[in-house]
Amino acid sequence: MSVQPDKLRAETALMFPPGFVWGAATAAFQVEGATTADGRTDSVWDVFARKPGAVVGGDTGDPAADHYRRYGEDVDLMRRLGLGAYRFSLAWPRIRPDAGLPNPAGLAFYDRLVDRLLDAGIAPWATLYHWDLPQALEEKGGWAARDTAFRFAEYAETVLERLGDRVASWSTLNEPWCAAMLGYAGGIHAPGRRDPAAAVAAAHHLLLGHGLAMDVIRRHAGDTPAGITLNLYPVAPHDPASAADVDAARRVDGQQNRLFLDPVLRGGYPEDLVADLAPFGLTDVVREGDTTTIAAPIDWLGVNYYRDYTVAGTPVLGSKPASPEWVGAADVHFVPNEAAPLTASGWEVQPAGLTASLLQVHRDYRPVPLYITENGAAYPDDVTENGDIVDTDRIAFLDSHLQAAHEAIEAGVDLRGYFYWSLLDNFEWAEGYAKRFGLIHVDYATQRRTPKRSAFWYSRVAGLNGLS
Ligand code: FCB
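Description of the structure in this document. Not measured: the values here are computed from a predicted model.

Once that is clear, we can look at empty space enclosed by the protein. A probe as big as a water molecule, rolled over the atoms, marks out the empty space that is left. Following the criterion strictly, the structure yields three cavities of 30 Å³ or more and no others. No other element matches the three residues that helix H9 (residues 176–186) contributes to the lining of the largest cavity.

Printed below as a string of structure tokens:
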């Protein structure tokens, strides 16, 4: 019996649940450029990027993808690709320059962006904080200072007053682990500090800021779904029979995942982590009532997933000792998986880890709808002579990770959407412009946009609501 090609496709397609959100993500500092326009003042990233050697190539936040001026063209591209949602962040130093008074010109930009998205039928998903702390606040202690959490709530109030009626979904923070640990202990992200106690305090104050901002969102936009975005990594012991390796995995999972998941979804820090981080002052910064504030109910949890980790308690062949962002864990070793292909960032491609991360949240925490708020890969993305960008490696990455996401859904995970990182090539933090994650190529000299093959592939997936 012959099978019709169309029928075959339908039978083998991996369909996602009805209403599944297909989007792409960016962040203000990585795409906007225009860092001195309309009253914007320095963020910690402007200052950090000016330090010699801090960012590859001496790259800074200008021009980025000039999204501040070209947002209209970018929204049109999203519409043509059929994306249902755009996840972007708001720049605190545009909206309250130097963390001072509200700046109408800065707010007006997000007003225009949101309206343009709504006109195009694209749901605006706004993140309040994607790492661009006003430098003026860093000079008063940054996230290591408790007051910063309250200044964040004040800034959230300004944003919600203006946009609370039109944003489709709110996120308080993006990846507080990076903001706290890479910024204050690792020294490789802004503000570039290497002070583990400051990092632990920063983690707590970011979470406190999240809780305070949830209250602001509820007051101004009660019916709008809101949540927080965490970067989760499944962590496995190199040798499950080794007590030292198992303990190393417990500690890394603690700092990377449970330090944020537990206070948000369980109402407190895990005991083992409190003990690990007590020498770095975790218990000293937590005040009465903080854990209740942080555990404010959320409507969804955003999971950013890039790769997984295998760790050992002693050096093994090819392993690397933990760098300073792992607080008090210099004896832990990260073990490469030689079999996994690498992206241009040197990150292992580990789609199964996405299923594992989603399942970890599903099994260990109270029920909460999940969204993959970031997942993506950098590749060289050479432009061919006719201007085509044949990024088959990115298509394979996407395909394998979407299959992994589908597997999680089949296992019962309440996964409701996927945002590719990133819509556009952009400023990849300490890696500068050299790492291209976009579905859309950006020629930084001309700011010309060219959708890559992956953009067309993703567009088809979104249109079908599944993988054919
Ligand atoms: C995540 C960040 C995002 C981007 C990707 C590659 O950690 O949230 O801004 O840089 O990594």
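Our focus in this paragraph is the environment of Phe 109. With respect to the helices and strands, Phe 109 occurs in helix H6 (residues 104–119). Put simply, Phe 109 and Ser 468 are 359 residues apart on the chain and 39 Å apart in space, counted from C-alpha to C-alpha.

Most often, soluble globular proteins keep nonpolar side chains buried together rather than apart. Of all hydrophobic cores here, the largest spans 148 residues; its most connected members are Trp 45, Leu 90, Tyr 110, Leu 128, Tyr 129, Trp 170 and Leu 301. Among the elements that take part in this core, helix H10 (residues 196–220) stands out by supplying 14 residues, more than any other. In contact with Leu 301, other than residues within four places in its own chain, are Ile 228, Leu 230, Leu 261, Leu 265, Val 361, Val 368, Pro 369, Leu 370 and Tyr 371. Grouped together as the second largest cluster of nonpolar side chains are twelve residues, Val 21, Ala 25, Tyr 371 and Ala 378 included.

On to the sheet that holds strand E11 (residues 333–334), then. Strand order in the open sheet formed by four strands is E7-E9-E11-E10, with mixed pairing between adjacent strands. Edge positions in the open sheet fall to strand E7 (235–237) and strand E10 (320–321), since each of these has one partner strand only. By the bridge criterion, two bridges tie E10 to E11 in an arrangement that is antiparallel. Considered in E11, the bridge of Pro 321 is made with His 333.

Looking now at H6. Given a rise of 1.5 Å per residue, 16 residues ought to cover 22 Å, and the 22 Å separating the end C-alpha atoms of H6 matches this to within 8%. Among the residues making up H6, those that are buried are Gly 106, Leu 107, Phe 109, Tyr 110, Asp 111, Leu 113, Val 114 and Leu 117. The inward-facing, buried residues of H6 abut helix H2 (28–31), helix H4 (67–81), strand E3 (85–89), helix H5 (92–95), strand E4 (123–129) and helix H8 (147–163). Just downstream of H6 lies Gly 121, where phi reads positive at about 75°.

Before going further, it helps to spend a moment on the packing of H8 against H10. Here H8 crosses H10 at 25°, and the two axes come no closer than 8 Å. As the angle between them shows, H8 and H10 are arranged roughly parallel. As H8 packs across H10, the resulting crossing turns out to be right-handed. Contact with H8, carried on its side by Ala 149, Phe 150, Phe 152, Ala 153, Ala 156, Glu 157, Leu 160 and Glu 161, involves His 205, Leu 208, Gly 209, His 210, Leu 212, Ala 213, Val 216, Ile 217, Arg 219 and His 220 of H10 and no other residues of that element.

As a structural note, the neighbourhood of the ligand is formed by Gln 30, His 130, Trp 131, Asn 174, Glu 175, Tyr 306, Glu 374, Trp 421, Glu 428, Trp 429 and Phe 437. Between the ligand and Gln 30 there is a distance of 2.7 Å, counted from an oxygen atom to a side-chain nitrogen or oxygen. Here Glu 374 contributes a side-chain N or O atom positioned 3.1 Å from an oxygen atom of the ligand. Calculation on the ligand without its partners gives an accessible area of 290 Å², and the protein chains cover 95% of this total. A majority-of-atoms criterion places the ligand in the largest pocket. When grouped by side-chain class, the residues that make up the shell around the ligand number five nonpolar, three polar and three charged.

Attention shifts here to the packing of H6 against H8. Put simply, H6 and H8 touch, their axes get as near as 10 Å, and they point 40° apart. Here H8 runs oblique to H6, going by the angle between their axes. Pair H6 / H8 crosses with right-handed handedness. Contacts between H6 and H8 involve Leu 107, Ala 108, Tyr 110, Asp 111 and Val 114 from the first element and Thr 158, Val 159, Arg 162 and Leu 163 from the second. Residue classes in the contact of H6 with H8 are distributed as six nonpolar, one polar and two charged.

Within the element layout of this structure, Asp 391 appears in the loop between strand E12 (370–374) and helix H16 (392–410). When residues no more than four places from it in sequence are discounted, the contact partners of Asp 391 are Asp 381, Lys 452, Arg 453 and Ser 454.

Summarising the sheet, strand E14 (residues 440–443) and strand E15 (residues 448–451) pair through four bridges and their orientation is antiparallel. Bridge pairing in E15 places Ile 440 opposite Pro 451. As consecutive antiparallel partners, E14 and E15 are separated by four residues, and within that stretch Gln 447 has a phi angle of approximately 65°, a positive value.

This next bit is on the layout of surface pockets. Approximately 1200 Å³ is the volume found for the largest pocket. Lining the largest pocket are 47 residues, and of these Arg 307, Tyr 309, Glu 325, Ser 345 and Trp 347 sit closest to its centre. Secondary structure elements with two or more residues in the lining of the largest pocket: H9, strand E9 (309–312) and E10. Split into classes, the residues belonging to the lining of the largest pocket amount to 23 nonpolar, twelve polar and twelve charged.

Definitions and limits used
- Along each chain, residue indices are assigned from 1 in the same order as the chain's sequence is written.
- Only residues with pLDDT of at least 70 get local features here, since the model is predicted, and only at 80 or more are side-chain atom pairs given and counted; chain-wide, interface and lining totals rely on the full set of residues.
- Working from all heavy atoms in the structure, the side-chain values ignore hydrogens and water.
- Here a cavity means grid points, on a 1 Å grid over the protein atoms only, where a 1.4 Å probe fits yet cannot get out; a pocket means an open set of points with protein on both sides within 12 Å along at least five of seven lines; lining residues are those with an atom within 4 Å of a point.
- Grid points are joined across faces, edges and corners, and a volume is the space filled by probe spheres set on the points.
- Think of it this way: any DSSP run of H or I at least four residues long counts as a helix, any run of E at least two long counts as a strand, and we number them from the N terminus.
- Definition of nonpolar core: a set of buried residues of the types Ala, Val, Leu, Ile, Met, Phe, Trp, Tyr and Cys, connected through side-chain atoms within 4.5 Å.
- Note on classification: 1.4 Å probe, protein chains only; a residue is buried when its accessible area is under 20% of the maximum for its type, exposed when over 50%, partly exposed between these limits.
- Here, residues are in contact when the closest pair of their heavy atoms is within 4.5 Å.
- Strands qualify as paired when DSSP identifies two bridges or more between them.
- To estimate the expected span of a helix, count its residues, drop one, and scale the result by 1.5 Å.
- With axes taken as lines fitted to C-alpha atoms, and helix axes fitted only over the stretch in contact, angles between N-to-C directions fall between 0 and 180 degrees.
- Angles are sorted into four bins: roughly parallel if under 35 degrees, roughly antiparallel if over 145, roughly perpendicular if 65 to 115, and oblique for all others.
- Each crossing is labelled by how the near helix is turned from the far one, with a counterclockwise turn of less than a right angle marking it left-handed and a clockwise turn marking it right-handed.
- We call a residue near a given molecule or strand whenever any one of its heavy atoms falls within 4 Å of it.
- By the criterion applied in these results, polar contacts are pairs of N or O atoms within 3.5 Å in which, for protein atoms, one can donate a hydrogen and the other can accept it, and in which residues neighboring in sequence qualify only through two side-chain atoms.
- Each accessible area value is a Shrake-Rupley result obtained with a 1.4 Å probe; residue values ignore everything except the protein chains displayed when judging cover.
- The way we define it, a molecule is inside a pocket or cavity when more than half of its atoms are within 2 Å of that pocket's grid points.
- Ten residue types, Ala, Val, Leu, Ile, Met, Phe, Trp, Tyr, Cys and Pro, are classed as nonpolar, four, Asp, Glu, Lys and Arg, as charged, and the remainder, Gly among them, as polar.

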